[in-house]
Amino acid sequence: RRVAVTKRYESPLGEILLAADGDGLTGLWFRGQHYFAAGLDDDREAGRLPVLEEACRWLDCYFDGRRPEALPPIHLIGTAFQKAVWELLLEIPYGTTTTYGALAAKLALQMGRPHVSAQAVGGAVGRNRISILVPCHRVVGAGGSLVGYAGGVQRKLKLLELEGAETGRLFVPKKRPAL
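About the thresholds
Residues numbered from 1 in each chain as written. Predicted model: local features only at pLDDT ≥ 70, side-chain atom pairs only at ≥ 80, totals over all residues. Heavy atoms only, no water. Buried < 20%, exposed > 50% of the residue type's maximum accessible area, 1.4 Å probe, protein only. Helix = DSSP H or I, 4+ residues; strand = E, 2+ residues; numbered from the N terminus. Contact = heavy atoms within 4.5 Å. Polar contact = N/O pair within 3.5 Å; in protein donor to acceptor, adjacent residues only side chain to side chain. Pairing = 2+ DSSP bridges. Expected span 1.5 Å × (residues − 1). Axes fitted to C-alpha atoms, helices over the stretch in contact; angles between N-to-C directions. Parallel < 35°, antiparallel > 145°, perpendicular 65-115°, else oblique. Nonpolar A, V, L, I, M, F, W, Y, C, P; charged D, E, K, R; others polar. Phe/Tyr/Trp six-rings, centres within 6.5 Å; stacked < 30°, edge-to-face > 60°. Lys, Arg positive; Asp, Glu negative; His and termini not counted. Salt bridge = Lys/Arg side-chain N within 4 Å of Asp/Glu carboxyl O. pLDDT = per-residue confidence, 0-100.

Draft legend 1. Spatial organisation of helix H4 (residues 118-126). Residues of H4 that are buried: Val121, Ala124, Val125 and Gly126. Contact partners of the buried residues in H4: helix H2 (80-89) and helix H3 (100-111). Residue serine 117 occupies the N-cap position of H4, its side-chain oxygen lying 3.1 Å from the main-chain nitrogen of glutamine 119.

This is how it looks when you write it as structure tokens:
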């Protein structure tokens, strides 16, 4: 068992916690988001690893509004289903969006199944531990609704705008009235 090494990064959208092991980046979370530091042991330690420095350079480029080059090494940790969904996220081009339904259809095709639930895909997308680099913010609901971003829908919108994505048709759904 390896102890995760962590590093803090100040982004224009708030503080980020990065985590890595010897194989690559294992986490990137905005402070206060849902599932913050999910999967990290309490005995993690702040420190320096080349992959953490590389991830910070990637983020510097990204937040400067430039399209970063190759990703630093990443180490996806999750179930086989989650990893399959996260691999699909890595295929979404910079500055574009897709839907949970489209990802579900693509995954069903890859798995040789007639159907995969968009809700199940949404659950895996929401538990992505490597935000931004594994671009879960590029997934929107059917019709352009901005739903399902653990870091908050306003951050999701800001990330898409930063990438120059077409955001004119996107919207934050109104909350359901209390019963």
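Moving on, there is more to tell.
Draft legend 2. Main features of the sheet that holds strand E3 (residues 24-30). Pairing is mixed across the open sheet formed by 4 strands, whose spatial order is E3-E2-E1-E4. The outermost strands of the open sheet, each flanked by one partner alone, are E3 and strand E4 (45-46). Both strand E1 (residues 5-11) and strand E2 (residues 14-21) contribute to a ladder of 7 bridges, which runs antiparallel. Within E2, the residue paired with arginine 8 across the bridge is leucine 17.

Draft legend 3. Expanded view of the pairing of E1. Where E1 folds back on E2, the antiparallel hairpin that results is connected by 2 residues. Here 2 bridges tie E1 to E4, and the two strands are oriented parallel to one another. Paired with threonine 6 across the bridge in E4 is alanine 46.

Draft legend 4. Local environment of helix H1 (residues 50-63). Over its 14 residues, H1 runs 20 Å from end to end, which matches the ideal 20 Å to within 8%, given 1.5 Å per residue. With 10 of its 14 residues buried, H1 lies for the most part within the structure. If you check which residues of H1 are buried, you get Val51, Leu52, Glu53, Ala55, Cys56, Trp58, Leu59, Cys61, Tyr62 and Phe63. Of the surrounding secondary structure, the elements contacted by the buried residues of H1 are E1, E2, E3 and helix H5 (153-162). Immediately beyond the C-terminal end of H1, within one or two residues, lies glycine 65, with a positive phi of roughly 85°.

Draft legend 5. Seen up close, the packing of H3 against H4. Packing of H3 against H4 brings their axes to within 8 Å, and their N-to-C directions diverge by 105°. In terms of their interaxial angle, H3 and H4 are classed as roughly perpendicular. Contacts between H3 and H4 involve Tyr100, Gly101, Leu103, Ala104 and Leu107 on the former and, on the latter, Ala118, Val121, Gly122 and Val125. Residues of the contact of H3 with H4, tallied by class, amount to 7 nonpolar, 2 polar and no charged.

Draft legend 6. Expanded view of the packing of aromatic side chains. Using the criterion set out here, one finds 5 aromatic pairs in the structure. Between tryptophan 58 and tyrosine 62, the ring centres sit 5.4 Å apart and the planes meet at 10°, which makes this aromatic pair stacked. Within this pair, tryptophan 58 and its partner tyrosine 62 are both found in helix H1, separated by 4 residues, close to a single helical turn. Just as tryptophan 58 is buried, tyrosine 62 falls in that class too.

Draft legend 7. A look at the side chain of arginine 155. By the secondary structure assignment, arginine 155 is in helix H5. Among buried charged residues, arginine 155 stands out as having no salt bridge; its nearest opposite-charge side chain is glutamate 10, 9.2 Å away. Polar side-chain contacts of arginine 155 include one of 3.0 Å to the backbone oxygen of glycine 151. Not counting chain neighbours up to four residues away, the residues in contact with arginine 155 comprise Leu13, Gly14, Phe30, Arg31 and Tyr149.

Draft legend 8. Region of interest: the confidence of the model for the protein. Considering every residue of the protein, the mean pLDDT works out to 91; 96% of them sit at 70 or more. Mean pLDDT across the elements of the protein bottoms out in E4 (79) and peaks in H2 (98).

Draft legend 9. Looking closely at the pattern of salt bridges. Overall, the coordinates contain 7 salt bridges when judged by the stated rule. We note a salt bridge from arginine 8 to glutamate 15, for which the minimum N-O separation is 3.3 Å. A salt bridge links arginine 48 to glutamate 53, with the nearest nitrogen and oxygen atoms 3.9 Å apart. Under the relative-accessibility criterion, glutamate 53 is labelled buried at 19%. One network of salt bridges, with partners in common, ties together Lys7, Arg48 and Glu53.

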